[in-house]
Amino acid sequence: MGIGLTPPTMADTHVNPFLSEYTNKYKIPPFEDIKISDFIPAIKAGIEEQKERMFAITANRATPDFENTILPLENLSPILDRVSGVFYHYDSALSTEEFATMADEAIPLLNEASNQLNLNEQLFQKIKYVYDNRDKQGLNAVQKRVVEKYYKEFVERGAALPADKKEELIKVNDELSKLFIQYNKNLLNATNSFFITVYDKEDLSGLPESSISQAAEEAKSRGLDGLWVFTLHGPSRLPVLQNADNRGLREAIYKGYTNLASHGEYNNFPVIEKIVKLRAEKAKIMGFDNFAQMMTSRVMAKTPEAATNLLLQVFEPAVKRSH
């Protein structure tokens, strides 16, 4: 009796591209091979890789130095680097229900991974030792700069806080991650629920044929054969704003986009209010008067006042020139 073998399916042969180094010419993500289902397994694998490599650093009994403490941080979790890089790119550009559902699970995982790294007391003490002794360990200028970079980054993310403050920071970070999920959900739902139906072909004047065809297809998919439907998704929105002769159509799209998720069922204002309050709380935990102080302390401006002054130096001449 013969034995029948089922041919392998695409699901059986698909290889998660995040789990190994990219092999294409420029070492960029192979976007054509990436599936939404690849993200969570890769994030979990990356977290495990990070844990193992962090343990290798903290369990090393040798005196902390550049080679055994700082250098490993440069390549702590290649898997996590690959998957998070694409995830955050997609998060700002891909507005599908499938991605949004996956992101609900991914964001807390990535937030947890960040907390495990940035608030690890044993790891920070080793980094601090190298930092405190950087002038005694025979480091060159580049190595010193790398040591200073890591020490500063860890301090800015809360590594130097006492244990009770770290616990508070973890709670705030977790709450913020949940609010960002809700914010993105509202944005996605508001975007997907908005559309404008055009009944008269003359109102399409100025639009490229590709845009008109796309609007006709969108209308057909909604059971509105013979009409045209425009949405707030980029390929539909941008041609209208750039090319439509009909002022009313341009205005409707513009107002829909600029007032997105600002009223009704998907109103983000309550979410934003909570985010602002939690950011203020986070700044206090980190020893700053407000969130603006905390953020500008990490960049060239150093203070909110200096940042405002720089903006006004550009703004005022620009206004005069425009008149």
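Here the structure is shown first, and the text comes after it.
What counts as what
Residues numbered from 1 in each chain as written. Predicted model: local features only at pLDDT ≥ 70, side-chain atom pairs only at ≥ 80, totals over all residues. Heavy atoms only, no water. Axes fitted to C-alpha atoms, helices over the stretch in contact; angles between N-to-C directions. Helix = DSSP H or I, 4+ residues; strand = E, 2+ residues; numbered from the N terminus. Parallel < 35°, antiparallel > 145°, perpendicular 65-115°, else oblique. Left-handed = near helix turned anticlockwise from the far one by under 90°. Contact = heavy atoms within 4.5 Å. Nonpolar A, V, L, I, M, F, W, Y, C, P; charged D, E, K, R; others polar. Salt bridge = Lys/Arg side-chain N within 4 Å of Asp/Glu carboxyl O. Buried < 20%, exposed > 50% of the residue type's maximum accessible area, 1.4 Å probe, protein only.

Caption draft 1: Summary view of the packing of helix 4 (residues 78–93) against helix 5 (residues 97–118). Running from N to C, helix 4 and helix 5 cross one another at 135 degrees; their axes reach a closest spacing of 11 Å. Judged on the interaxial angle alone, helix 5 and helix 4 are oblique. The two elements helix 4 and helix 5 cross, and the hand of that crossing is left-handed. The segment helix 4 lies against helix 5, with L80, S84, F87, Y88, Y90 and D91 engaging F99, M102, A103, A106, I107, L110 and A113. In terms of residue class, the contact of helix 4 with helix 5 is built from eleven nonpolar, one polar and one charged.

Caption draft 2: View of the pattern of salt bridges. All told, the structure shown has 14 salt bridges when counted by the stated rule. When the shortest N-O distance is used, the salt bridge between E175 and K178 registers 3.8 Å. Of the two residues, E175 and K178 are both situated in helix 8 (residues 163–193); the distance of three residues between them amounts to about one turn of the helix. Since its relative accessible area comes to 51%, K178 is described here as exposed. K255 is the partner of E251 in a salt bridge, and the nearest nitrogen-oxygen pair spans 2.9 Å. Taken together, the residues E251 and K255, both in helix 11 (residues 247–258) and four residues apart, mark about one turn of the helix. Owing to a relative accessible area of 38%, E251 belongs among the partly exposed residues under this scheme. On the basis of relative accessibility, which here comes to 44%, the residue K255 falls in the partly exposed class.

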